[in-house]
Amino acid sequence: MASVEKQKAVFVDRDGTLIEEVNFLSRVEDLRFFPFTDDAVRILKGAGYLVVVVTNQSGIGRGIYSEADMRAVHQEIQSRLSSKIDGFYFCPHLPDENCRCRKPRLGMIEDACSDLDIDLAHSWMIGDKDLDVLTGANAGIRTAMVMTGYGNGHVDGLEKKPEIVAANLLDAVKEIAAFQQKATLAAADER
């Protein structure tokens, strides 16, 4: 039996990073995309990355909206992005529940790695909060922080420094693609 090669991935926070921040987004009609979202995801896919959304959704645990409401939002995201997202992973728990999945814990990333055979050594985490950067650091992957969503309010007090700080998802993706291109050229020079 041939072994399957692991795939690199970019784990992307949902609210404030992939889509505009809407406090406790529960309705498809309130879903708002950044004008650059589709381009950013297309570039990642073209560079050979899996795109995996990892999102804390405590609104479910708080009873503000249902899991079905959240799944409808995810279906709409997939529809508008022409099914380019490789997986959606979410934590429905409240911050004080001490679950294994709530960022910055690694349950969602571990589940995605198991489901999608992800190579963490060549993967990234992009988000707009300190907890996204911490999640990536805890997973041992490179991180990027965007200034959309809560980014401007979180950048000064970061516990861990990200490899990239960018204005938005598209700028972060362009820097990741440039980083990958440099690494590929360096590897080719070593041969």
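Note: the structure precedes this text.
Bear in mind the structure is a predicted one, so any value in this text is a computation, not a measurement.

Trainee: Break down the overall build of the protein for me, with residues and values.
Mentor: Within the protein, the secondary structure is distributed over seven helices and six strands. Sequence-ordered secondary structure for the protein, helices as α and strands as β, is β-α-β-α-α-β-α-β-α-β-α-β-α. For the protein, the C-alpha radius of gyration of 16 Å lies close to 16 Å, the compact-globule estimate for 191 residues. With the C-alpha coordinates of the protein rotated into their principal frame, the extents come out at 55 × 45 × 35 Å. Counting all 191 residues of the protein, 47% fall into the buried class.

Trainee: If you had to explain the environment of Lys 103 to someone new, which residues and values would you point to?
Mentor: Its location among the elements puts Lys 103 in the loop between strand 3 (87-91) and helix 4 (107-116). A relative accessible area of 4% places Lys 103 in the buried class. Measuring from C-alpha to C-alpha, the distance between Lys 103 and Leu 120 comes to 17 Å, with 17 residues separating the pair along the chain. In this structure, Lys 103 is in contact with Asp 13, Val 54, Thr 55, Asn 56, Met 108, Met 125, Leu 131, Asp 132 and Thr 135, ignoring residues within four places of it in sequence.

Trainee: Quick one: what's the story with the pattern of salt bridges, residue by residue and with numbers?
Mentor: Tallying each qualifying case throughout the model produces 14 salt bridges. The salt bridge partner of Lys 6 is Asp 117, with a shortest N-O separation of 3.5 Å. Residue Lys 6 is located in the segment before strand 1 (9-12), and its partner Asp 117 is located in the loop between helix 4 and strand 4 (124-127); the two are separated by 111 residues in the primary sequence. For Glu 110, the salt bridge identified is with Arg 100, shortest N-O distance 3.3 Å. Placement of Glu 110 in helix 4 and of Arg 100 in the loop between strand 3 and helix 4 is noted, with a sequence separation of ten residues between them. Within this structure, Asp 13, Lys 103 and Asp 132 form a network of salt bridges that share partners.

What counts as what
- Residues numbered from 1 in each chain as written.
- Predicted model: local features only at pLDDT ≥ 70, side-chain atom pairs only at ≥ 80, totals over all residues.
- Heavy atoms only, no water.
- Helix = DSSP H or I, 4+ residues; strand = E, 2+ residues; numbered from the N terminus.
- Rg over C-alpha atoms; globule rule 2.2 N^0.38 Å.
- Buried < 20%, exposed > 50% of the residue type's maximum accessible area, 1.4 Å probe, protein only.
- Contact = heavy atoms within 4.5 Å.
- Salt bridge = Lys/Arg side-chain N within 4 Å of Asp/Glu carboxyl O.

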